[in-house]
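# Understanding the architecture of this molecule
For reference, the chains in residue letters:
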Amino acid sequence: MQVNQIDHAFATASISDEPQPLDVPSTADLTVSDDGSIEVEWFNADDSEADSCTVSGELRSLEYELEDRTFVHQGGGIWERSNGEATVVSEPQIGYDGESLQLHIMQLDEGDVGGSEFAAKADYSKSTQLTADIKSAATDCAEPDIAFRIESEYHQAWYTYLESALGAAEHDEVTVEQRNDTVEVTIEGVRNVSEAPEVIVTADYGLQGDAVVGTNRVIHPDEFNPTPHLEITAGFAKTVDEDIEQDLHFMVVGEGVSETIRNVQFNGDQDDEIRRPFRIAPGEYRHTLEPGQTYEYDISTADDSLSDRGSFYVGNEGIDFVKTAPENDDITTTTDDGNVTISLDVRNIGVESGSQDVTLTLDDFPHVTNTQSPHLEYGEDGTVEWTINQSALPVGEYDFTIDVDGEDVGTGTIRGEASSGEGGFVVVEDEGVDGEYVDRDQIVRSDGEFTVRAGIASTYPTDGVTEDVTLTIHGVDVEIPEPITLDGGERGTIAFDVDPDEYDLEPGTVYDYDVTTDDGGLSETGSFYFGHPDTHFALSNGNATVGDEVTIRADVHNTGIDDGSQSIDLDLEYQGELPGDLEEDPYADLDVDASDVDRSFGENGTIEFELNQSALIDGEYKMTIRSGDDSVMVPFTVTAGVDPNRVGLGEIEDAEVTVEVLGSQVSGDGLTGDHQLAPMTLEIIANGESIHAFENPASGNNINVGPTWQNKNDDSYRHEFTVGEETDLTLRNTRYASSRWNWWRQSPTCADQITDPSTLPHYTGPSQRDLAWCTNVPGTTAFGPIDASQGENLQNVRVRSAEDNSIPALPAGTAQQLSATEVLERQGLIAESGDELDLGPGEFVFLFENTESTNEDGIDALWNEAIGAYEENPSQTHDPNFNDLIVYVRVERAGVDPGTPSIRIVPGGGESTEVSSGDGTAAGEPGDVSVDVDGSSSGSGIDSIGPGTSSNESGNDGVASIDESDIDLSSDYIVVG
């Protein structure tokens, strides 16, 4: 029917964003009329002086002709007008049942809704305006009665409908009257209105104080950590213009925790809000309010309270997870399709949000563990779940433990169902070492056999299985297999007998051992100590360091099984011939300044002996150190303590020093046809100062002269002296020019002396030419000085010693010269090997090169050039050759007063010996069981907490309490076009 289609279009348009077509014939005369309005009034019929509030709005109507009939849509209803009368076709949504009032109004308007056909569309910007205005008036006038008036051309139809729909005949409080073209409806007592309160709650300011964390979170007190009072502050105000006194109340809903502030005075001229704190002592709520719970509270006066109650949360300090299910410590599991699920419910009863570890561990397999760390808000519940496949575990029942933040909270059992082909022998316990020769726990004497025992368990599902179990002692070749037969699930003990005579067990040693099956061994290996009976002090690693003192060291190792102490004896033997003036051996009796040396069993530590060197003459010694069970010999050598380097000697003190020139080999062709010997000097330098200059037999300062060519046996070439205080000792060599240039020619400066070489019995070189030389050196320096003390020409000198005695083959100079090697051979200083010098402690050889230098860097550049020249062509003469000056130096200790040296012993010490039996693997574990544990966690979320709210404000006149729960108001606004 066309009327119903339009009604449906209006209803759809009220809930849609799209225009809804009005399917009317083109012959229909459809118009929107301004007819119709509604007025709503809130009032008090019993109080003529009470305020009233009125709201009005336009209804309008949609009219069209259809088959000689006129239809009207107005106010949400449909009316038909015929023969001057209007009847209801579709009822508007207005009704009353004696308790509830429904007032749904539809307003119409004319406008452009798009398109060429008639359509209806909702205007949401106006749809709720009439409803909002009615409700606003209801708030402004807190009166119990309502009247609404509909002015309409169809007032008769409205009257007839409203009188019936509102039950005017049944309800005395309902009156429906018609005045001209207006129908007026009055309903008394349509809502309950109570009197305004005298004192109102204006605000809830929430919990405050040191016990509060964040917003309304309270730290729960306990007897060991009491917190301050629970404190909450609220605002209050009076609504009457007179003095008034009332009690103020705070109450935790349903918990019996409350506080009342009595006889609070409100002065008549006081309109501002006053604030009052409620304080509850910890003892009043400690046993009532539980951590992890949220509580609702109310704040009230005699005739007012919060419109919305507040809430707060009580929790322990920080983050605190506790188990909430199961209630006891027995955790049950569920099994589905071979998967075992273990679950635990937890709650964060702390006042802070965060995470804590929740860990599942299989007790029989400590390596099978899984930790979940759920993040829970304060007060939030969570669930942690783990899933384990039964087939991953051997047949049997296995215990598990769950801990929260390291504290055990529950245990349970899971059953393994591995297939019958799986299983093994497991080493479940190391029962340790025992036997007649085991002195005490894991301590074994070396004079007899001992036994190692272990517990073995079978995880096979079948009986009568036999397998080998092996004892392995690490560090020695000990592997002992033993068979054992066990039924499924049975446990037995296996014993391994060990005879030390068959193996290389060393007394004083800690040995680690393992007991293994095909499926694994001890989870932690065991250890035992093997030692001599009683104490046994073994000595080893003897060595000596000679410095300002002579320090002798040796390791003292108690290889026995008992703690104890022993005295240490020393013998000192001088290995050379003692001086003839000594009537007896000064080292026969040694003064040992020490107490006994203590060692626990197995302890190994170093002992030191310090000898004062002042009573020792130079030479080689042998020190023998003896304990009650062992001895060790330590050789050492005492010298003057010279520390040579490549270009000089180091610090010397308290020594007799001898310096001897072995050869000077610098010569060449002279201007007069003779063989010219180059003039040179040699000085001994102590602490940078010259203390002796060598002379030739003729008392001149030139040491390179004809009579001593290749023979320096004259006493003038030897100097002996004593060094007292610490001295840096070196030599200084300078070569001088043997000729000079005048403006017309070159003339010799060192040729006034001539020596016929054939008259020299020691000379074997060419003798056709005389040797030209001079007694004293001329004034012009040709090369030098070579002086380690001044850092001059350090490439031009090398020092050989007992510690660095290699001597390479070096080239010769002219035919009249000897090579450095030949000079040293004549002095008997070349060892039988030919490439080393035969030098003892305190003996040194200086080799100088004063005719050549090099631009190459490095202290060894010139020395390496001489060595390379000989290696390339041994028969060819070459400079540099380091035969220009060769000097021998001997340093011997001086001022020694031989006697018995005092000796101080530093006992030293080592680490004590620790041994223990090993740890077995959990029973039922066939070797390294691999179990995957899937874990998960989830939280439930939390309810919000916070202060309550009040609908009142400070300084108002109070608002009557209005109950509008039985009034249903709404409106729609439809545009037709």
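Residues numbered from 1 in each chain as written. Predicted model: local features only at pLDDT ≥ 70, side-chain atom pairs only at ≥ 80, totals over all residues. Heavy atoms only, no water.

Going by what an unreviewed UniProt entry lists, the protein is known as Flagellin and is assigned to Haloterrigena alkaliphila.

## Considering the overall build of the protein
A tally of helices and strands in the protein yields 7 helices and 73 strands. Taking all 977 residues of the protein together, the buried fraction comes to 48%. The long-range fraction of contacts in the protein, counting pairs at least 24 apart against all pairs at least 6 apart in sequence, stands at 73%. About 45900 Å² of surface is accessible on the protein, with carbon and sulfur atoms providing 38% of the total. (Helix = DSSP H or I, 4+ residues; strand = E, 2+ residues; numbered from the N terminus. Buried < 20%, exposed > 50% of the residue type's maximum accessible area, 1.4 Å probe, protein only. Contact = heavy atoms within 4.5 Å. Areas by Shrake-Rupley, 256 points an atom, 1.4 Å probe, with all protein chains shown as cover.)

## Comments concerning unusual backbone geometry
A cis amide bond links Ala325 to the next residue, Pro326, at an omega of 0 degrees. If you trace the backbone, Pro326 turns up in the loop between β25 (321-325) and β26 (333-336). Here the residue pair Gly784 and Pro785 is connected by a cis peptide bond, since its omega of 0 degrees sits within 30 degrees of zero. Along the chain, the position of Pro785 falls in strand β66 (residues 781-787). In this structure, Asp534 takes a positive phi of about 60 degrees despite not being glycine. Within the secondary structure, Asp534 is located in the loop between β44 (526-531) and β45 (537-546). Phi is positive for Asn541, which is not a glycine, with a value near 55 degrees.

## Re the state of the cysteines
Tallied over the full model, the rule gives 2 disulfides. The partner cysteine of Cys53 in its disulfide is Cys141, sulfur to sulfur 1.7 Å. The sign of the S-S torsion, about 65 degrees, decides the handedness of the disulfide formed by Cys53 and Cys141: right-handed. Of this pair, Cys53 sits in strand β4 (residues 53-58) while Cys141 sits in the loop between α3 (129-140) and β12 (145-151); the two residues are 88 residues apart in sequence, bridging distant segments of the chain. Owing to a relative accessible area of 3%, Cys141 belongs among the buried residues under this scheme. One disulfide bridge connects Cys750 with Cys774, the sulfur atoms lying 1.8 Å from each other. Across the S-S bond linking Cys750 and Cys774, the dihedral sits near -90 degrees, which makes this disulfide left-handed. On the criterion of sequence distance, the pair formed by Cys750 in the loop between β63 (746-748) and β64 (753-755) and Cys774 in the loop between β65 (771-773) and β66 is long-range, its members being 24 residues apart. (Disulfide = S-S within 2.5 Å.)

## Re the sheet that holds strand β13 (residues 174-179)
Sheet strands associate in pairs through backbone hydrogen bonding, adopting either a parallel or an antiparallel arrangement. Taken together, the 5 strands give an open sheet; going across it, the order is β4-β3-β12-β14-β13, and neighbouring strands pair in antiparallel fashion. Two strands bound the open sheet, and with one partner strand each, they are β4 and β13. For this sheet, the mean angle separating the axes of adjacent strands, direction not counted, is 15 degrees. Summarising the sheet, strand β3 (residues 37-43) and β4 pair through 6 bridges and their orientation is antiparallel. Pairing of Trp42 across the sheet is with Cys53, part of β4. Sheet strands in contact with α3 are β3 and β4, and its direction is about 170 degrees off that of β4. Each of β12, β13 and β14 (182-187) is contacted by helix α4 (residues 155-165), which is oriented at about 170 degrees to β13, the strand it contacts most. (Pairing = 2+ DSSP bridges. Axes fitted to C-alpha atoms, helices over the stretch in contact; angles between N-to-C directions.)

## So, the nonpolar core
Of all hydrophobic cores here, the largest spans 36 residues; its most connected members are Trp42, Ile94, Leu162 and Leu166. Ranked by the residues each element gives to this core, the list is headed by α4, at 5 residues. With residues near it in sequence (within four places) discarded, Ile94 still touches Gln102, Leu103, His104, Ile105, Phe148, Trp158, Tyr161, Leu162, Ala165 and Leu166. Counting residues in each nonpolar core, the second largest holds 34 residues, with Val657, Phe721, Leu760 and Val889 among its members. (Core = buried A, V, L, I, M, F, W, Y, C linked by side-chain atoms within 4.5 Å.)

## A short note on the pairing of strand β32 (residues 381-389)
On β32, burial follows the alternation: Gly382, Val384, Trp386 and Ile388 on one face are buried, whereas Asp381, Thr383, Glu385, Thr387 and Asn389 on the facing-out side are not. Alignment of strand β27 (residues 339-348) against β32, held across 9 bridges, turns out to be antiparallel. Across the sheet, the residue bridging to Val340 is Ile388, located in β32.

## So, the side chain of Thr658
Its location among the elements puts Thr658 in strand β55 (residues 655-664). Note on Thr658: relative accessible area 7%, which makes it buried. With residues near it in sequence (within four places) discarded, Thr658 still touches Arg718, His719, Glu720, Tyr888, Val889 and Arg890.

## Here's the deal with helix α7 (residues 861-872)
Here α7 spans 16 Å end to end across 12 residues, near enough to the 16 Å set by a 1.5 Å rise per residue. Ala861, Leu862, Trp863, Ala866, Ile867 and Ala869 are the residues of α7 that are buried. Turning to α7, the residues buried within the fold contact β67 (797-801). (Expected span 1.5 Å × (residues − 1).)

## Digging into the pattern of salt bridges
In total, this model carries 30 salt bridges according to the counting rule given. Salt-bridge contacts for Arg309 lead to Asp298; the nearest nitrogen and oxygen are separated by 3.9 Å. Pair noted here: Arg309 is in the loop between β23 (293-300) and β24 (310-315) and Asp298 is in strand β23, with a separation of 11 residues, a long-range link. Residue Asp298 is classed as buried on the basis of its relative accessible area, which comes to 11%. Taking the shortest distance from any N to any O, the salt bridge between Arg798 and Asp860 comes out at 3.1 Å. Of this pair, Arg798 sits in strand β67 while Asp860 sits in the loop between β68 (843-848) and α7; the two residues are 62 residues apart in sequence, bridging distant segments of the chain. The class for Arg798 is buried, based on a relative accessible area of 1%. (Salt bridge = Lys/Arg side-chain N within 4 Å of Asp/Glu carboxyl O.)

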